[in-house]
Amino acid sequence: MAATVGGIVALGKFDALHIGHRELAIQASRVGAPFLLSFVGMAEVFGWEPRAPIVASCDRKRVLSSWAPFCGNVTPVEFPIEFSTVRHLTPRQFVEKLYKELGVRGVVAGENYRFGYKAAGDSSELVRLCEEFGMGAYIIKPVMDKNRYSRKTASSNSKERGQVSSTRVRYALSVGDMNYVSELLGRQHRLILTAKDKEAFTSSKHRVSAPKSCMLNLPPKEGLYENSSLLIDDENPVSCRVVIDATHIHLEFDEVDPCMHLTSRGPWKLGVEFGI
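Residues numbered from 1 in each chain as written. Predicted model: local features only at pLDDT ≥ 70, side-chain atom pairs only at ≥ 80, totals over all residues. Heavy atoms only, no water.

Chemist: Help me out: how do you make sense of the overall build of the chain in this one?
Modeler: Helix and strand counts for the chain stand at eight helices and 12 strands. The burial tally for the chain puts 47% of its 276 residues in the buried class. Of the contacts formed within the chain by residues at least 6 apart in sequence, a portion of 69% connects residues at least 24 apart. About 13,900 Å² of surface is accessible on the chain, with carbon and sulfur atoms providing 52% of the total. (Helix = DSSP H or I, 4+ residues; strand = E, 2+ residues; numbered from the N terminus. Buried < 20%, exposed > 50% of the residue type's maximum accessible area, 1.4 Å probe, protein only. Contact = heavy atoms within 4.5 Å. Areas by Shrake-Rupley, 256 points an atom, 1.4 Å probe, with all protein chains shown as cover.)

Chemist: How should the sheet that holds strand β5 (residues 136–140) be read in this particular structure?
Modeler: Strand-to-strand pairing in sheets goes through backbone hydrogen bonds, with the strands running parallel or antiparallel. Reading across from one edge, β3-β2-β1-β4-β5 is the order of the five strands in this open sheet, with parallel pairing throughout. The open sheet has two edge strands, β3 (77–82) and β5, and neither has a second partner. Here the strands of the sheet are splayed against their neighbours by 30° on average, with no regard to which way each runs. By the bridge criterion, four bridges tie strand β1 (residues 8–11) to strand β2 (residues 34–40) in an arrangement that is parallel. Paired with I8 across the bridge in β2 is P34. (Pairing = 2+ DSSP bridges. Axes fitted to C-alpha atoms, helices over the stretch in contact; angles between N-to-C directions.)

Chemist: Is there a simple way to think about the nonpolar core in this case?
Modeler: For soluble globular proteins, the rule of thumb is that nonpolar side chains tend to be buried together. Formed by 50 residues in total, the largest nonpolar core has its most connected members in L193, F201, V242 and I249. Other than its neighbours up to four places away in sequence, L193 contacts F201, A210, C214, M215, I249, W268, K269, L270 and V272. With 24 residues, the next largest nonpolar core counts M42, A109, L126 and M135 among its residues. (Core = buried A, V, L, I, M, F, W, Y, C linked by side-chain atoms within 4.5 Å.)

Chemist: Honestly, the pairing of β2 in this entry has me stumped. Any pointers?
Modeler: The buried fraction of β2 amounts to five of the seven residues, a majority that puts the element mostly inside the structure. Since β1 and β2 lie parallel, the crossover through helix α1 (residues 19–31) that links them has a hand, and here it is right-handed. Sheet analysis places β2 next to β3, joined by six bridges and oriented parallel. The residue bridging V40 from the neighbouring strand is E82, located in β3. (Right-handed = clockwise from strand over helix to strand, strands pointing away.)

Chemist: Quick question: what am I supposed to make of the pairing of β5 here?
Modeler: Taken residue by residue, a regular strand's side chains alternate between the two faces of the sheet. Of the strand pairs in this sheet, strand β4 (residues 106–110) and β5 are connected by five bridges, and their pairing is parallel. Within the sheet, the bridge partner assigned to A109 lies in β5 and is I139. Handedness of the crossover joining β4 and β5 through helix α5 (residues 123–132): right-handed.

Keep in mind that these numbers describe shape and distance, not what the molecule does.
Okay, structure coming up:
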């Protein structure tokens with residue numbers, strides 16, 4: 001039996017887990033147990049160039065946990081589906097799968113949501129099909145982005161209508177505007193660094209450096225970032241400055257480098273949160 005039985009699934013592409021995605025989860029939580037239905041393997045199916053995720057896979061549960069206060073103190077659960085198994089489904093077949101195989105009793109989607117093979121279905125068809133199968137359908141307006149960069153990002157993507165989107169998050173990271181990134185995400189951006197052992201990190205008394213190959217998700221552009229924090233295994237944030245260059249990320253501390261206290265045994269996971 002699927003974990004989603006009796007639940008309410010939010011539909012979308014949840015790359016950034018931004019405030020628009022959070023709004024879908026909030027609506028789902030008002031009706032039942034909230035799930036995010038995410039598709040795995042879209043890049044492979046469509047032959048897209050590999051690119052770093054905005055949120056590291058190992059960090060997604062933490063982000064979803066932070067949404068609990070907005071969702072009636074319930075943490076939304078991500079439910080992955082291999083995209084290849086649903087790609088050729090018609091809109092009707094897709095809704096039928098939600099009903100018969102996943103056992104959901106309702107869906108939440110944005111008013112611009114499209115689904116089914118070649119995106120043949122829209123939100124109005126989603127409502128009609130859900131009614132046919134006895135499921136609830138809740139369509140919400142997108143969360144709009146009033147930031148000054150809106151026109152630039154909209155012009156590069158025909159699907160942009162001024163709403164908060166993962167495209168906008170990627171753009172804000174590419175220009176190093178961490179205040180804008182935080183507005184879109186509803187939280188500070190966290191970069192995850194991992195290594196099998198301590199030797200991957202080069203440490204001195206007040207500085208630790210790591211090659212970009214240690215990064216599990218998308219960093220901002222090269223530059224200096226003040227008012228940031230380092231977290232070792234998600235605990236005890238330590239203030240630092242971050243410098244990103246062409247090959248490495250460098251963390252600079254006023255106090256002694258906290259990584260000097262790491263034992264040689266790993267693997268190690270460091271989180272870097274960028275201040276605004």
